[in-house]
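Residue strings, one per chain:
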Amino acid sequence: MSHYAYFVAGWLIVIGALGIVRSRNLVQAIVCLAVAQSGTYVLLLSVGYQWGAAPPLFSEPATKPTLHVVDPLVQAMTLTDIVVSATVTSMLLAIAIQIHKRTGSIDPDELDALRG
Amino acid sequence: MTRTVRLVVFGAGAAVVGILGVLAILVLPAFGGPAHAYRDAAVPAAVAHGTSNAVSSINFDLRGLDTFGEETIFLTSVVVIAVVLRSASDETEQRKKSAGRPLDSTVFGGLLFFPIILIVGLDVVTHGHLTPGGGFQGGVILGTGIHLLYVAGTYRLLERVRPVRPFEWSEAIGAGAFACLGISGLLLGASFLANVIPVGSFGTLFSAGTVPLLNGVVGVEVASGVVVLLSKFFEQAITVRPAHRRAAKTDDKSSSPRER
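Keep in mind it's a predicted model, so treat the numbers as computed, not measured.

Conventions used here
Residues numbered from 1 in each chain as written. Chains lettered and ligands numbered in written order. Predicted model: local features only at pLDDT ≥ 70, side-chain atom pairs only at ≥ 80, totals over all residues. Core = buried A, V, L, I, M, F, W, Y, C linked by C-beta atoms within 7 Å. Buried ≥ 20, exposed ≤ 12 C-beta atoms within 10 Å, placed from the backbone. Helix = DSSP H or I, 4+ residues; strand = E, 2+ residues; numbered from the N terminus. Contact = placed C-beta atoms within 7 Å. Expected span 1.5 Å × (residues − 1). Axes fitted to C-alpha atoms, helices over the stretch in contact; angles between N-to-C directions. Left-handed = near helix turned anticlockwise from the far one by under 90°. Nonpolar A, V, L, I, M, F, W, Y, C, P; charged D, E, K, R; others polar.

A. Quick peek at the nonpolar core. All names here are of chain B. Counting 53 residues, the largest nonpolar core has Ala 42, Ile 58, Phe 178, Leu 214, Val 222, Val 226 and Val 227 as its most contacted members. Among the elements that take part in this core, helix H10 (residues 210–239) stands out by supplying 12 residues, more than any other. If near-sequence neighbours (up to four positions away) are discounted, Leu 214 is found in contact with Phe 60, Gly 135, Phe 178 and Leu 181.

Okay, here's the thing in structure tokens:
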């Protein structure tokens, strides 16, 4: 099946979202968000893949660089994506720590009271 | 909203997204095909700038402004975490007297791998323009590798080897140096973050112009940022003790009325 990788990416995003919806633990919800974000890595990398192509590295002095490599642009975007995902995860974990200190709970269902 | 209602709402949304997603994916170009317009544009540009690793060339040269934004996001998140996880006024810092000793095999493994990991991290940073790697990846290796001292030693040893204050400084200096390199591109060349240094001979350590320099400053910033970030989480887990559990504490002193 020629679109298999795209379906894997879509599946990861949906299953990560389902994990967030069903979560009873904020840390688990944050990990589920990371799973959903990893779907975007799979999507980006599979967009740039080409059968039989080399990695986008050129070791010898380039007289005539071959274009038969996988797309380096989406790989660079994946790197950006991973950095953003890591920062988001760490910030959410910091907030989860403070929520636990304030309320004594990390179950999202118990955090339904608005405080002014 | 009860859990059942939430699941039903999610199921309806996921079904719509799933159907539209399948329809969209089926008209995409087939996986692994030969048509890559961005690749055809980016690879000659990377080679023209003397960068062996096309991914690094895109990150630090062709799309340098994006990486500046990415690096700023990282800096900001470390600052946010330092603010969110600061000790509250009624929390005290405590230190356990005896934290126990790690296993001998753990100590041996930690001491064995500590120098290796630092060298690998430096290698990944300095060769980011030649081989896979770069400032972000190498910085994370360096920043986390230091914490082998905690795994193999004690928290006190880690605190002695890794005073947080200089890392806070070096993180800011790394971010500032990135901006300064960008501005020097503006002054000497055409635009912000223009590659103004001679690109050297292809495939050698001193090539690719500003790319290895930017990799270096990003490596300094990310390594320091990871150290600062992890130190905040370590403080929460190890030294900070809440004064007393406040089950339902309103944060501000004015005790505004609660809304439900």
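B. Summary view of helix H4 (residues 64–84) of chain B. The end-to-end C-alpha separation of H4 of chain B is 30 Å, in line with the 30 Å expected for 21 residues at 1.5 Å each. Turning to H4 of chain B, its buried residues number three or more, namely Gly 64, Thr 67, Phe 68, Glu 70, Glu 71, Phe 74, Leu 75, Ser 77, Val 78 and Ile 81 of chain B. Against helix H3 (72–103) of chain A together with helix H3 (54–62), helix H9 (164–188) and H10 of chain B lie the buried residues of H4 of chain B.

C. Structural detail: the interface of chain A and chain B. Contact with chain A, which involves 48 residues of that partner, is made by 55 residues of chain B. At 17 residues, H3 of chain A tops the list of elements feeding residues into the side of chain A that touches chain B.

D. A look at the packing of helix H6 (residues 135–145) of chain B against H10 of chain B. Residues and elements named next belong to chain B. For the pair H6 and H10, the least separation of the axes is 7 Å and the interaxial angle reads 35°. The two elements H6 and H10 cross, and the hand of that crossing is right-handed. Every residue of H10 that contacts H6 at Gly 135, Phe 136, Gly 138, Gly 139, Val 140, Leu 142, Gly 143 and Thr 144 is listed here: Leu 214, Asn 215, Gly 216, Val 218, Gly 219, Glu 221, Val 222, Ala 223, Val 226 and Val 227. By residue class, the composition of the contact of H6 with H10 is 9 nonpolar, 8 polar and 1 charged.

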